[in-house]
Amino acid sequence: MKREAILEAAAQAVTTDRQATHGNVENNFEDVAAIWSYRLGVKITPAQATIMMIDLKLVRAWGNQTHADNWIDMAGYAACGGELAGSL
């Protein structure tokens, strides 16, 4: 898969597909951060939650480097994290 296709798929995922399925990215990652903060007993920001999701995809990509979804999702999470970090 070419890098342009990965980025286009990630853009589609985070601006259209996931938005329709999971709702507003800010609200979604605020909720994820809140529950992880509670479970771990440390404050997790929404941007940090995206980093942790990237970690999950990194582990999956390590085990299956040819599965495009891992790379697409990492790009999408990075875009969401960058946007969330910029709004802090």
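Residues numbered from 1 in each chain as written. Predicted model: local features only at pLDDT ≥ 70, side-chain atom pairs only at ≥ 80, totals over all residues. Heavy atoms only, no water.

### Let's talk about the nonpolar core
Core analysis: the biggest nonpolar cluster contains 14 residues, and Phe29, Ala49 and Tyr77 have the highest contact counts within it. At the level of elements, helix H2 (25–40), helix H3 (46–63) and helix H4 (68–86) are the ones that each hand at least two residues to this core. With 5 residues, the top contributor of residues to this core is H3. (Core = buried A, V, L, I, M, F, W, Y, C linked by side-chain atoms within 4.5 Å. Buried < 20%, exposed > 50% of the residue type's maximum accessible area, 1.4 Å probe, protein only. Helix = DSSP H or I, 4+ residues; strand = E, 2+ residues; numbered from the N terminus.)

### Here's the deal with the confidence of the model for the protein chain
Caution applies to low-pLDDT regions: their predicted coordinates should not be interpreted in detail. In the predicted model, the protein chain carries a mean pLDDT of 93, and 98% of its residues have values of at least 70. Here helix H1 (residues 3–22) stands out as the least confident element of the protein chain, with mean pLDDT 88; H3 is the most confident, with 97. (pLDDT = per-residue confidence, 0-100.)

### A word on the layout of surface pockets
Considering only enclosed or pocket space, the largest pocket measures out at about 310 Å³ in volume. Around the largest pocket sit 16 residues that line it, and Arg18, His22, Asn28, Phe29 and Tyr77 are the ones nearest its centre. Of all the secondary structure elements, the ones that give two or more residues to the lining of the largest pocket are H1, H2 and H4. For the lining of the largest pocket, the element with the most residues is H1, which contributes 5 residues. The residue inventory of the lining of the largest pocket, partitioned by class, reads 8 nonpolar, 6 polar and 2 charged. (1 Å grid on protein atoms, 1.4 Å probe; cavity = no way out; pocket = protein on both sides within 12 Å on 5 of 7 lines; lining within 4 Å. Points joined across faces, edges and corners; volume = space filled by probe spheres on them. Nonpolar A, V, L, I, M, F, W, Y, C, P; charged D, E, K, R; others polar.)

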